[in-house]
Amino acid sequence: MGNHSLGIQREDGTPVRVLVVDDEPSLAELLASVLRYEGWSVTTAGSGAEAVRTAREFRPDAVVLDIMLPDFNGLEVMRRLRSDLPHVCVLFLTARDAVEHRVAGITAGGDDYVTKPFSLEEVLARLRGLLRRANLTRAQSESSLVVGDLSMDEDAREVRRDGDLIDLTATEFELLRFLMRNPRRVLSKAQILDRVWNYDFGGQAHVVELYISYLRKKIDAGRVPLIHTVRGVGYVLKPAG
(Lines give C-alpha, C1' and ligand atoms only; values in the text may rest on other atoms or scores of the structure.)
Protein backbone atom coordinates (compact mmCIF):
# COMPACT_ATOMS: atom_id res chain seq x y z
CA MET A 1 0.00 0.00 0.00
CA GLY A 2 3.08 2.22 0.09
CA ASN A 3 2.52 5.67 1.52
CA HIS A 4 -1.23 5.72 1.02
CA SER A 5 -1.97 5.13 4.68
CA LEU A 6 -0.28 8.46 5.45
CA GLY A 7 -3.34 10.19 4.02
CA ILE A 8 -6.66 10.49 5.74
CA GLN A 9 -7.29 8.48 8.90
CA ARG A 10 -9.79 8.74 11.72
CA GLU A 11 -8.75 10.70 14.79
CA ASP A 12 -7.90 7.47 16.61
CA GLY A 13 -5.60 6.39 13.79
CA THR A 14 -7.88 3.64 12.46
CA PRO A 15 -8.86 3.54 8.77
CA VAL A 16 -11.71 5.68 7.51
CA ARG A 17 -14.84 3.57 6.96
CA VAL A 18 -16.77 4.02 3.72
CA LEU A 19 -20.00 2.34 2.62
CA VAL A 20 -20.52 2.16 -1.17
CA VAL A 21 -24.16 1.80 -2.23
CA ASP A 22 -24.88 1.08 -5.90
CA ASP A 23 -27.09 -1.51 -7.58
CA GLU A 24 -24.48 -2.08 -10.32
CA PRO A 25 -22.20 -4.65 -8.65
CA SER A 26 -19.32 -4.02 -11.06
CA LEU A 27 -19.33 -0.29 -10.33
CA ALA A 28 -19.67 -0.82 -6.57
CA GLU A 29 -16.69 -3.20 -6.62
CA LEU A 30 -14.61 -0.86 -8.77
CA LEU A 31 -15.19 2.00 -6.32
CA ALA A 32 -14.57 -0.25 -3.32
CA SER A 33 -11.26 -1.51 -4.69
CA VAL A 34 -9.98 2.03 -5.32
CA LEU A 35 -11.03 3.18 -1.84
CA ARG A 36 -9.37 0.13 -0.25
CA TYR A 37 -6.24 1.01 -2.16
CA GLU A 38 -6.32 4.33 -0.27
CA GLY A 39 -6.03 2.30 2.92
CA TRP A 40 -9.68 2.77 3.86
CA SER A 41 -12.06 0.14 5.17
CA VAL A 42 -14.89 -0.40 2.69
CA THR A 43 -18.08 -2.39 2.45
CA THR A 44 -20.76 -2.37 -0.27
CA ALA A 45 -24.55 -2.61 -0.49
CA GLY A 46 -26.81 -3.04 -3.53
CA SER A 47 -30.06 -1.53 -2.25
CA GLY A 48 -31.38 1.09 0.16
CA ALA A 49 -32.59 -1.47 2.67
CA GLU A 50 -29.26 -3.29 2.61
CA ALA A 51 -27.43 0.04 3.02
CA VAL A 52 -29.42 0.97 6.14
CA ARG A 53 -28.95 -2.51 7.60
CA THR A 54 -25.20 -2.58 6.84
CA ALA A 55 -24.59 0.93 8.18
CA ARG A 56 -26.00 -0.03 11.59
CA GLU A 57 -23.23 -2.57 12.07
CA PHE A 58 -20.44 -1.02 9.98
CA ARG A 59 -20.96 2.57 11.21
CA PRO A 60 -19.36 4.30 8.22
CA ASP A 61 -17.77 7.76 8.28
CA ALA A 62 -18.86 8.35 4.70
CA VAL A 63 -21.32 6.84 2.23
CA VAL A 64 -21.00 6.85 -1.56
CA LEU A 65 -24.65 6.62 -2.48
CA ASP A 66 -26.38 6.15 -5.82
CA ILE A 67 -29.50 8.34 -6.03
CA MET A 68 -31.32 5.70 -8.11
CA LEU A 69 -31.72 2.46 -6.17
CA PRO A 70 -34.14 -0.39 -6.83
CA ASP A 71 -36.14 0.02 -3.61
CA PHE A 72 -36.03 3.63 -2.40
CA ASN A 73 -34.06 6.62 -3.56
CA GLY A 74 -30.78 7.90 -2.18
CA LEU A 75 -32.35 10.84 -0.38
CA GLU A 76 -34.56 8.48 1.61
CA VAL A 77 -31.55 6.27 2.37
CA MET A 78 -29.69 9.33 3.64
CA ARG A 79 -32.64 10.29 5.86
CA ARG A 80 -32.69 6.81 7.42
CA LEU A 81 -28.92 6.67 7.83
CA ARG A 82 -28.83 10.06 9.52
CA SER A 83 -31.37 9.06 12.14
CA ASP A 84 -28.76 6.55 13.37
CA LEU A 85 -25.53 8.28 12.26
CA PRO A 86 -26.20 12.03 12.32
CA HIS A 87 -22.69 13.03 11.18
CA VAL A 88 -22.16 10.63 8.28
CA CYS A 89 -20.85 12.33 5.10
CA VAL A 90 -22.73 11.49 1.91
CA LEU A 91 -21.40 11.63 -1.65
CA PHE A 92 -24.24 11.06 -4.12
CA LEU A 93 -23.78 9.43 -7.51
CA THR A 94 -26.30 10.76 -9.98
CA ALA A 95 -27.05 10.38 -13.67
CA ARG A 96 -26.21 13.46 -15.69
CA ASP A 97 -29.86 14.14 -16.59
CA ALA A 98 -31.03 13.82 -12.99
CA VAL A 99 -29.17 16.83 -11.64
CA GLU A 100 -32.31 18.61 -10.54
CA HIS A 101 -32.52 21.45 -8.07
CA ARG A 102 -33.15 18.97 -5.27
CA VAL A 103 -29.74 17.41 -5.90
CA ALA A 104 -28.14 20.85 -5.77
CA GLY A 105 -30.02 21.31 -2.48
CA ILE A 106 -28.18 18.30 -1.11
CA THR A 107 -24.94 20.25 -0.99
CA ALA A 108 -26.52 22.68 1.49
CA GLY A 109 -26.35 19.84 4.02
CA GLY A 110 -22.59 19.68 3.61
CA ASP A 111 -22.87 16.72 1.27
CA ASP A 112 -21.75 16.54 -2.33
CA TYR A 113 -22.53 14.77 -5.59
CA VAL A 114 -20.78 13.61 -8.74
CA THR A 115 -22.54 12.93 -12.02
CA LYS A 116 -22.10 9.68 -13.89
CA PRO A 117 -19.90 8.96 -15.71
CA PHE A 118 -17.23 10.17 -13.29
CA SER A 119 -13.54 9.45 -12.91
CA LEU A 120 -12.37 7.51 -9.87
CA GLU A 121 -9.91 10.29 -9.05
CA GLU A 122 -12.83 12.75 -8.89
CA VAL A 123 -14.78 10.51 -6.48
CA LEU A 124 -11.72 10.16 -4.26
CA ALA A 125 -11.08 13.88 -4.26
CA ARG A 126 -14.71 14.67 -3.34
CA LEU A 127 -14.65 12.10 -0.54
CA ARG A 128 -11.40 13.44 0.88
CA GLY A 129 -12.87 16.94 0.78
CA LEU A 130 -16.05 15.85 2.58
CA LEU A 131 -14.12 14.04 5.29
CA ARG A 132 -11.77 16.97 5.73
CA ARG A 133 -14.60 19.47 6.04
CA ALA A 134 -16.33 17.23 8.56
CA ASN A 135 -13.13 17.29 10.63
CA LEU A 136 -13.52 13.54 10.94
CA THR A 137 -9.97 12.94 10.14
CA ARG A 138 -6.45 13.80 10.95
CA ALA A 139 -4.72 14.54 7.72
CA GLN A 140 -1.10 15.21 7.01
CA SER A 141 -1.23 18.48 5.05
CA GLU A 142 -3.86 16.60 3.13
CA SER A 143 -5.00 19.38 0.85
CA SER A 144 -1.56 20.18 -0.49
CA LEU A 145 0.70 17.88 -2.45
CA VAL A 146 4.36 18.71 -3.02
CA VAL A 147 6.88 16.99 -5.28
CA GLY A 148 10.16 18.89 -5.65
CA ASP A 149 9.34 22.48 -6.62
CA LEU A 150 5.86 21.47 -7.84
CA SER A 151 2.93 22.04 -5.47
CA MET A 152 -0.82 21.45 -5.72
CA ASP A 153 -3.51 22.86 -3.45
CA GLU A 154 -6.35 20.41 -3.98
CA ASP A 155 -9.04 22.57 -2.39
CA ALA A 156 -8.18 25.75 -4.29
CA ARG A 157 -7.32 23.66 -7.38
CA GLU A 158 -4.08 25.61 -7.80
CA VAL A 159 -0.83 24.26 -9.17
CA ARG A 160 2.51 26.04 -8.93
CA ARG A 161 5.98 25.20 -10.16
CA ASP A 162 8.72 27.12 -8.41
CA GLY A 163 6.05 29.59 -7.28
CA ASP A 164 4.61 30.21 -10.77
CA LEU A 165 0.89 29.53 -11.13
CA ILE A 166 0.13 26.93 -13.84
CA ASP A 167 -3.25 26.90 -15.53
CA LEU A 168 -4.57 23.35 -16.05
CA THR A 169 -7.77 21.95 -17.53
CA ALA A 170 -9.89 19.67 -15.31
CA THR A 171 -8.49 16.51 -16.91
CA GLU A 172 -4.90 17.73 -16.72
CA PHE A 173 -5.47 18.53 -13.05
CA GLU A 174 -6.82 15.03 -12.29
CA LEU A 175 -3.93 13.43 -14.18
CA LEU A 176 -1.35 15.51 -12.32
CA ARG A 177 -3.08 14.81 -9.00
CA PHE A 178 -2.79 11.06 -9.60
CA LEU A 179 0.90 11.41 -10.51
CA MET A 180 1.59 13.61 -7.48
CA ARG A 181 -0.16 11.20 -5.13
CA ASN A 182 2.20 8.48 -6.34
CA PRO A 183 5.61 10.13 -6.64
CA ARG A 184 8.51 7.96 -7.82
CA ARG A 185 6.05 5.20 -8.67
CA VAL A 186 5.85 4.05 -12.26
CA LEU A 187 2.20 4.16 -13.34
CA SER A 188 1.10 2.24 -16.41
CA LYS A 189 -1.06 3.84 -19.09
CA ALA A 190 -3.84 1.40 -18.17
CA GLN A 191 -3.69 2.41 -14.49
CA ILE A 192 -3.82 6.08 -15.41
CA LEU A 193 -6.69 5.56 -17.84
CA ASP A 194 -8.67 3.66 -15.20
CA ARG A 195 -8.24 6.31 -12.54
CA VAL A 196 -8.38 9.61 -14.39
CA TRP A 197 -10.86 9.03 -17.20
CA ASN A 198 -14.57 8.27 -16.86
CA TYR A 199 -15.16 4.67 -15.91
CA ASP A 200 -17.30 4.01 -19.01
CA PHE A 201 -14.96 5.87 -21.35
CA GLY A 202 -13.36 2.68 -22.70
CA GLY A 203 -10.54 4.84 -24.02
CA GLN A 204 -7.20 4.04 -25.52
CA ALA A 205 -3.70 4.53 -24.15
CA HIS A 206 -2.96 7.23 -26.71
CA VAL A 207 -5.28 9.58 -24.77
CA VAL A 208 -2.93 9.22 -21.81
CA GLU A 209 0.09 9.96 -24.03
CA LEU A 210 -1.67 13.04 -25.38
CA TYR A 211 -2.47 14.43 -21.94
CA ILE A 212 1.00 13.64 -20.60
CA SER A 213 2.36 15.74 -23.49
CA TYR A 214 -0.03 18.60 -22.56
CA LEU A 215 1.13 18.43 -18.93
CA ARG A 216 4.79 18.39 -19.95
CA LYS A 217 4.33 21.55 -22.02
CA LYS A 218 2.85 23.33 -19.01
CA ILE A 219 4.96 21.91 -16.20
CA ASP A 220 8.30 20.85 -17.64
CA ALA A 221 8.84 23.24 -20.58
CA GLY A 222 12.11 25.11 -20.11
CA ARG A 223 12.66 23.47 -16.72
CA VAL A 224 14.27 20.32 -15.37
CA PRO A 225 11.66 17.65 -16.23
CA LEU A 226 9.62 16.04 -13.45
CA ILE A 227 7.54 13.74 -15.69
CA HIS A 228 9.55 10.83 -17.07
CA THR A 229 8.63 8.10 -19.55
CA VAL A 230 9.56 4.57 -18.59
CA ARG A 231 9.70 2.89 -21.98
CA GLY A 232 7.25 0.06 -22.39
CA VAL A 233 5.79 0.59 -18.92
CA GLY A 234 4.34 4.06 -18.34
CA TYR A 235 5.19 7.30 -16.58
CA VAL A 236 6.68 8.44 -13.32
CA LEU A 237 6.72 11.82 -11.58
CA LYS A 238 9.85 12.39 -9.54
CA PRO A 239 11.72 15.39 -8.20
CA ALA A 240 14.71 16.54 -10.19
CA GLY A 241 18.17 15.54 -9.03
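Residues numbered from 1 in each chain as written. Predicted model: local features only at pLDDT ≥ 70, side-chain atom pairs only at ≥ 80, totals over all residues. Heavy atoms only, no water.

(A) Local environment of the overall build of the protein chain. If you tally the helices and strands in the protein chain, you get eight helices and 14 strands. In the protein chain, of all internal contacts separated by at least 6 residues, the share reaching a separation of at least 24 is 60%. About 11400 Å² of surface is accessible on the protein chain, with carbon and sulfur atoms providing 50% of the total. (Helix = DSSP H or I, 4+ residues; strand = E, 2+ residues; numbered from the N terminus. Contact = heavy atoms within 4.5 Å. Areas by Shrake-Rupley, 256 points an atom, 1.4 Å probe, with all protein chains shown as cover.)

(B) Spatial organisation of the pattern of salt bridges. Here the structure, examined in full by the defined rule, presents 24 salt bridges. The partner of Arg36 in a salt bridge is Glu29, and the shortest N-O contact between them spans 3.8 Å. Assessed through its relative accessible area of 35%, Arg36 is described here as partly exposed. Of the residues examined, Glu29 reaches a relative accessible area of 40% and is grouped as partly exposed. In this structure, Glu154 and Arg177 form a salt bridge, with 2.8 Å as the shortest nitrogen-oxygen distance. Of this pair, Glu154 sits in the loop between β9 (150–153) and β10 (158–161) while Arg177 sits in helix α6 (residues 170–181), placing them 23 residues apart in sequence. A single burial state applies to Glu154 and to Arg177, both of which are buried. Linked through salt bridges whose partners overlap, the residues forming this network are Glu38, Arg128, Glu154, Arg157, Glu174, Arg177 and Arg181. (Salt bridge = Lys/Arg side-chain N within 4 Å of Asp/Glu carboxyl O. Buried < 20%, exposed > 50% of the residue type's maximum accessible area, 1.4 Å probe, protein only.)

(C) Structural view of the environment of Asn198. Secondary-structure assignment places Asn198 in the loop between α7 (189–196) and α8 (205–219). Sequence-wise, Asn198 and Glu122 are 76 residues apart; in three dimensions their C-alpha atoms are separated by 9.3 Å. Not counting chain neighbours up to four residues away, the residues in contact with Asn198 comprise Pro117, Phe118 and Ser119. For Asn198, the side chain forms a polar contact with the main-chain nitrogen of Ser119, separated by 3.5 Å. (Polar contact = N/O pair within 3.5 Å; in protein donor to acceptor, adjacent residues only side chain to side chain.)

(D) Molecular detail of the environment of Tyr214. Examined against the element boundaries, Tyr214 turns out to sit in helix α8. Relative accessible area serves as the criterion here: at 31%, Tyr214 is assigned to the partly exposed category. In the structure, Tyr214 is positioned 42 residues away from Glu172 in sequence and 7.7 Å away in space, judged by C-alpha atoms.

(E) Just the nonpolar core, in detail. Grouped together as the largest cluster of nonpolar side chains are 28 residues, with contacts concentrated most on Leu176 and Ile192. Listed by contribution, the elements that provide at least two residues to this core are β8 (144–147), β9, α6, α7, α8 and β14 (234–237). Ignoring any residue separated from it by four or fewer positions in sequence, one finds Leu176 in contact with Leu150, Met152, Val159, Leu168, Leu215 and Ile219. By size, the runner-up hydrophobic cluster in this structure holds 25 residues, among which are Ala28, Leu120, Leu127 and Leu131. (Core = buried A, V, L, I, M, F, W, Y, C linked by side-chain atoms within 4.5 Å.)

(F) Layout of helix α1 (residues 25–37). An ideal rise of 1.5 Å per residue puts 18 Å on 13 residues; α1 measures up with 18 Å between its terminal C-alpha atoms. Looking at α1, one finds that the buried residues are Leu27, Ala28, Leu31, Ala32, Val34 and Leu35. Taken end-on, α1 shows its buried residues confined to a sector of 165°, consistent with a single buried face. Along α1, the residues that are exposed and aim more than 90 degrees away from the buried face are Pro25 and Ser26. (Expected span 1.5 Å × (residues − 1). Arc of directions from axis to C-beta.)

(G) Expanded view of the sheet that holds strand β6 (residues 112–116). A sheet is described by the order of its strands in space; here five strands give the open sequence β3-β2-β4-β5-β6, paired in parallel fashion. The two strands at the open ends of the sheet, each matched to only one other strand, are β3 (41–45) and β6. Within the sheet, the average angular offset between the axes of one strand and its neighbour, ignoring direction, is 20°. With five bridges connecting them, strand β5 (residues 89–95) and β6 associate as parallel partners. Counted as the bridge partner of Leu91 is Asp112 from β6. (Pairing = 2+ DSSP bridges. Axes fitted to C-alpha atoms, helices over the stretch in contact; angles between N-to-C directions.)

(H) Spotlight on the sheet that holds strand β13 (residues 227–230). The strand order β12-β14-β13 describes an open sheet built from three strands, whose pairing is antiparallel. Of all strands in the sheet, those with a lone pairing partner are β12 (187–188) and β13, marking the two edges.

(I) Quick look at the confidence of the model for the protein chain. Of the residues in the protein chain, 88% reach a pLDDT of 70 or more, and the chain-wide mean stands at 87. Taken as a whole, residues 1–6 scores under 50 in pLDDT and shows nine contacts with residues more than four places along the chain or in a different chain. (pLDDT = per-residue confidence, 0-100.)

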